[in-house]
2 protein chains.
Amino acid sequence: MVDCPQQNGHRQQLPLFNASEHFFEGAEKLFEIWFDNDQQKRENGHKSTLRTIPENELRQLLNMAGCHILQVLRTAEIDAYLLSESSMFISDRRLILKTCGQTRPLLVIGKLLELARKHCQMDTVTNVYYSRKNFFRPQLQPQLHATFDEEVDYLDGFFQGGSAFCMGPLKHDRWYLYTLTTPRAPLNCSDHTLELQMTGIPVELLSVYSKSACPGGAAECTRRSGILSLLPRGTIVQDELFEPVGYSMNGVPAGDEYVTIHVTPEPEFCYASFETNHRRGCLYEQTLRVLDCFRPGRFILTLFANEHSNGAIEVQQRLWAEDFPGYRRLSVQMLRLQSDTLLFALYDRKDEK
Amino acid sequence: MVDCPQQNGHRQQLPLFNASEHFFEGAEKLFEIWFDNDQQKRENGHKSTLRTIPENELRQLLNMAGCHILQVLRTAEIDAYLLSESSMFISDRRLILKTCGQTRPLLVIGKLLELARKHCQMDTVTNVYYSRKNFFRPQLQPQLHATFDEEVDYLDGFFQGGSAFCMGPLKHDRWYLYTLTTPRAPLNCSDHTLELQMTGIPVELLSVYSKSACPGGAAECTRRSGILSLLPRGTIVQDELFEPVGYSMNGVPAGDEYVTIHVTPEPEFCYASFETNHRRGCLYEQTLRVLDCFRPGRFILTLFANEHSNGAIEVQQRLWAEDFPGYRRLSVQMLRLQSDTLLFALYDRKDEK
């Protein structure tokens, strides 16, 4: 395991649509892709892994999306990257790229497919997921990411047979999903993903995510914010506190499991996200701990689960049936995909007007 | 019960976007509204009913939407209207208006609210549902109905707190829903609604829905098409065969239950819909009978159910878990509303390419 020397990240400023107004789009674009070794190579005992893509190639790839690497953390099964805008995780056959601001993560697809073929002899994509909530300021997004229709058209240029959905109430916070599952996708591996996208966080909880409040830096912020105590015991952490404000962390609890948290703490457009696929304990209890840490006025919860994922189906059923304490469910939907089930839910805090 | 003398309906032709091409938009716009008597009136034993709205007022109302009454059927609990474009059902506190073609059913809302107040002393709306699938030719729809966004904006002008959803895959057949449930909505009445919206119907099944195939008229068509045997035993039927082709029927099995079926049989843009709230037997078996009658290449199924609706929740669970014989489920979603649960599913026939 290598923990690269920390570089200070300066969060990229957006071109302002009104020079007097500061704004940052915290809501991320989340792209996840799974590859398969082809049958012959597996029979030959040849094990390919996406982790053999050279780092200089990855740097060029991320450059296309409009972000760069701040920190790298390598464990036996996963490489975690803290980016200038959010995170990337690479394990043997899965790559997750999550970027906020005005980045264009979908621009990497063509090059990524080429790199997987060239360096890893992987030429079969088994699953693709692209998702995001509605942006606070869609008009500030670059071409390709300005509308979900454009994003879907772009994805369709690379993949055949994908489906696109809009979950949640159209007039309020909603969440877009593009998903592709091919017949080659393995059906018997345990997998689930929990994501929380939170807004309306109390000002007193936001102030800790700044250099002025945490002169000791990211590690101080991770501890004082309560984020450290959200994580499964033994999680290896990389974290970054931005100048003047803003926070990112990646954690690796074990194996190819990850946790990633990003906070945009400006009260006018505050946003925090929590995402994990960990299998260390109940995801319902995990959600309660995250809500206790951020106390969002409103949040979107998404939970993907397949029948092999330990306990996640039961959490979906519980969330379908009941609210979280102190929160009112504005909308809940379930979507059955080829190898997963997705639960989407939108909540607001009961003491909010 | 009065069954008005049948008038021959001539299906209104659309202005053609291409003079050489005949087209009719079979996909309906479905508006359903529930009123409450206010508390005081119920305590006084005064029972209001929407059925006291005079028929001449209803004719003016429908004129605003761009359709007119062909037949009226009144039973003890419900008035069923066959319209030049689809159907209307009025019971004590519920009005359902379902219209196809280029009609504008939402234009009736303002006048309807006025009539309910004036003739029925009903000034409280408890539930609103507006739904439709994506149109075959949205560009031919009149202003207000051209996009779902416009429709939602218009509804928001009358009702506060409604929610809008898009169910199903965005790139394929999908289904839009606007729904409002107020705290005044009763939670303990049994209610469910099943709707099937079918396309890709085999040509050999479509030919019966024409005057040339059924010179005996609508009754002959209802029998020979197999529609009569779809209906619960004892259903009272009103039906209409259009010139030169096209078919509509309303049925009243009992109480305030209804069945309504509409067929646009031109192979190039064929479409058939089946809708019911009946409580005469299993809705799963009912669906199998409808599929056997129309053998659609593709169909959308929607099923609303509340916890008091006998058996409908169980049908939702079954449809979540398994396909219909001979059909492949392309998408299935569930949405939890304040007093109902909705299942949406999209299927295609396995022998379709």
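This one's a predicted model, so the numbers in the text were calculated from it and none came from an experiment.

1. Structural notes on the pattern of salt bridges
In the structure shown here, the tally under the stated rule is 46 salt bridges over all chains. Between K98 of chain B and E275 of chain B there is a salt bridge whose closest N-O contact spans 2.7 Å. Taken together, the residues span a long stretch of sequence, with K98 of chain B in strand β5 (residues 94-99) and E275 of chain B in strand β13 (residues 271-276) at a distance of 177 residues. A relative accessible area of 1% places K98 of chain B in the buried class. Residues participating in the shared-partner salt-bridge network are R51, E55, R59, R74 and D79 of chain A.

2. Concerning the relation of the copies chain A and chain B
Expressed as a screw operation, the relation of chain A to chain B combines 0.0 Å of axial shift with a rotation of 180 degrees, fitting to an RMSD of 0.0 Å. The two molecules are tied by a two-fold rotation axis, judged by turn and shift. In terms of C-alpha distance to the rotation axis, chain A has M334 of chain A as its closest residue, with the C-alpha 2.5 Å off the axis. With an isologous cut-off of 70% or more, the 100% of interface residues of chain A that recur at the interface of chain B puts this contact in the isologous class.

3. Considerations on the pairing of strand β16 (residues 341-349) of chain B
All names here are of chain B. Most of β16 is tucked away: nine of the nine residues are buried. Strand direction decides the pairing type here: strand β14 (residues 298-305) and β16, joined by eight bridges, are antiparallel. Paired with I300 across the two strands is L346, which belongs to β16. Here strand β15 (residues 327-336) runs beside β16; their pairing, made up of nine bridges, is antiparallel. The residue bridging L335 from the neighbouring strand is L342, located in β16. In textbook terms, the turn of a hairpin is the stretch between consecutive antiparallel strands, and for β15 and β16 this stretch comprises four residues.

4. Quick look at the pairing of strand β6 (residues 124-133) of chain A
All names here are of chain A. Of all 10 residues making up β6, 10 are buried, and the element is well covered by its neighbours. In this sheet, β6 lies alongside strand β1 (residues 29-36) in antiparallel orientation, the contact comprising seven bridges. Paired with I33 across the two strands is V128, which belongs to β6. Pairing of β6 with strand β8 (residues 175-181) involves seven bridges; the strand directions are antiparallel. Paired with N127 across the bridge in β8 is T181.

5. Some details on the sheet that holds strand β6 (residues 124-133) of chain B
Strands pair in a sheet through their backbones, by hydrogen bonds, and they do so in one of two ways: parallel or antiparallel. Residue and element names in this part refer to chain B. With antiparallel pairing, the eight strands of this open sheet are ordered in space as β2-β3-β4-β5-β1-β6-β8-β7. Two strands lie at the open edges of the sheet, namely β2 (69-74) and β7 (163-167), each paired on one side alone. On average, each strand axis in the sheet is inclined to that of its neighbour by 10 degrees, with strand direction left out of account. Contacts between helix α3 (residues 109-120) and the sheet are confined to β1 (29-36), β5 and β6, with β1 contributing the most and set at about 25 degrees to the helix.

6. Side note on the packing of aromatic side chains
All names here are of chain B. This model, assessed by the stated rule, comprises 30 aromatic pairs over all chains. Both rings, one in Y284 and one in F324, keep their centres 5.2 Å apart while their planes meet at 20 degrees; by these two values the pair is stacked. Pair noted here: Y284 is in helix α7 (residues 283-294) and F324 is in the loop between α8 (312-321) and β15, with a separation of 40 residues, a long-range link. Comparing Y284 with F324, the two get one shared label, buried.

7. A look at the side chain of H192 of chain A
All names here are of chain A. Within the fold, H192 resides in strand β9 (residues 192-199). From its side chain, H192 meets the backbone oxygen of H278 in a polar contact 2.9 Å long. Apart from the residues within four sequence positions on either side, H192 is in contact with T276, N277, H278, R279, L283, F304, A305, S309, N310 and A312.

8. Considering the sheet that holds β8 of chain A
Residues and elements named next belong to chain A. Taken together, eight strands build an open sheet; the order of strands is β2-β3-β4-β5-β1-β6-β8-β7 and the sheet is antiparallel. The sheet is open, and its two edges are formed by β2 (69-74) and β7 (163-167), each paired on a single side. The average undirected angle you get between the axes of adjacent strands in this sheet is 10 degrees. Where strand β4 (residues 86-91) and strand β5 (residues 94-99) come together, four bridges link them in antiparallel fashion. Of the residues in β5, the one forming a bridge with M88 is L97. Sitting on the sheet, helix α2 (residues 55-65) touches β2, β3 (78-83), β4 and β5, and the angle it makes with β2 is about 140 degrees. Strands β1, β6, β7 and β8 of the sheet are contacted by helix α4 (residues 148-156), whose axis makes an angle of about 10 degrees with β8.

9. Side note on the UniProt feature "active site" (unreviewed entry) in chain A
All names here are of chain A. Here the UniProt feature "active site" (unreviewed entry) sits at S86, C100, S248 and H262. In terms of the greatest pairwise C-alpha distance, the residues named above, spread along 177 residues, form a tight cluster of at most 11.1 Å across. With respect to the helices and strands, C100 occurs in the loop between β5 and α3 (109-120). For C100, a relative accessible area of 8% gives the class buried. Setting aside its immediate chain neighbours within four residues, C100 contacts F24, E25, G26, A27, E28, K29, E85 and S86.

10. Here's the deal with the nonpolar core
Counting 86 residues, the largest nonpolar core has F294 and L301 of chain A together with I261, F294 and L301 of chain B as the members making the most contacts within it. Every residue in contact with L301 of chain A, bar those within four places of it in the chain, is listed here: L194, E195, L196, T287, L319, F324, L343, F344, A345 and Y347 of chain A.

11. A short note on the UniProt feature "modified residue: Pyruvic acid (Ser)" (unreviewed entry) in chain A
When the UniProt feature table is mapped to this numbering, "modified residue: Pyruvic acid (Ser)" (unreviewed entry) covers S86 of chain A. Discounting residues that sit within four places of it in the chain, S86 of chain A has contacts with E28, Y81, K98, T99, C100, S248 and H262 of chain A.

12. Digging into the side chain of T341 of chain A
By secondary structure assignment, the location of T341 of chain A is in strand β16 (residues 341-349). The buried category is assigned to T341 of chain A, whose relative accessible area is 11%. Those residues in contact with T341 of chain A, other than ones at most four positions away along the chain, are L303, F304, A305, Q316, M334 and L335 of chain A together with W320 of chain B.

13. A short note on unusual backbone geometry
Residue and element names in this part refer to chain A. With an omega of 0 degrees, the peptide bond running from E243 to P244 counts as cis. One can find P244 in the loop between β10 (236-241) and β11 (247-252). Of note, S86 is a non-glycine position whose phi angle comes to about 80 degrees, a positive value. One can find S86 in strand β4. Residue S86 is classed as buried on the basis of its relative accessible area of 1%. A positive phi angle, close to 40 degrees, is found at R295, a residue other than glycine. Mapped onto the secondary structure, R295 falls in the loop between α7 (283-294) and β14 (298-305). Overall, R295 belongs to the partly exposed group, its relative accessible area being 34%.

The rules behind each value
- Residues numbered from 1 in each chain as written.
- Chains lettered and ligands numbered in written order.
- Predicted model: local features only at pLDDT ≥ 70, side-chain atom pairs only at ≥ 80, totals over all residues.
- Heavy atoms only, no water.
- Salt bridge = Lys/Arg side-chain N within 4 Å of Asp/Glu carboxyl O.
- Helix = DSSP H or I, 4+ residues; strand = E, 2+ residues; numbered from the N terminus.
- Buried < 20%, exposed > 50% of the residue type's maximum accessible area, 1.4 Å probe, protein only.
- Least-squares fit on C-alpha atoms with pLDDT ≥ 70 in both.
- Contact = heavy atoms within 4.5 Å.
- Pairing = 2+ DSSP bridges.
- Axes fitted to C-alpha atoms, helices over the stretch in contact; angles between N-to-C directions.
- Phe/Tyr/Trp six-rings, centres within 6.5 Å; stacked < 30°, edge-to-face > 60°.
- Polar contact = N/O pair within 3.5 Å; in protein donor to acceptor, adjacent residues only side chain to side chain.
- UniProt positions renumbered as here; feature names shortened; annotations may be inferred.
- Core = buried A, V, L, I, M, F, W, Y, C linked by side-chain atoms within 4.5 Å.

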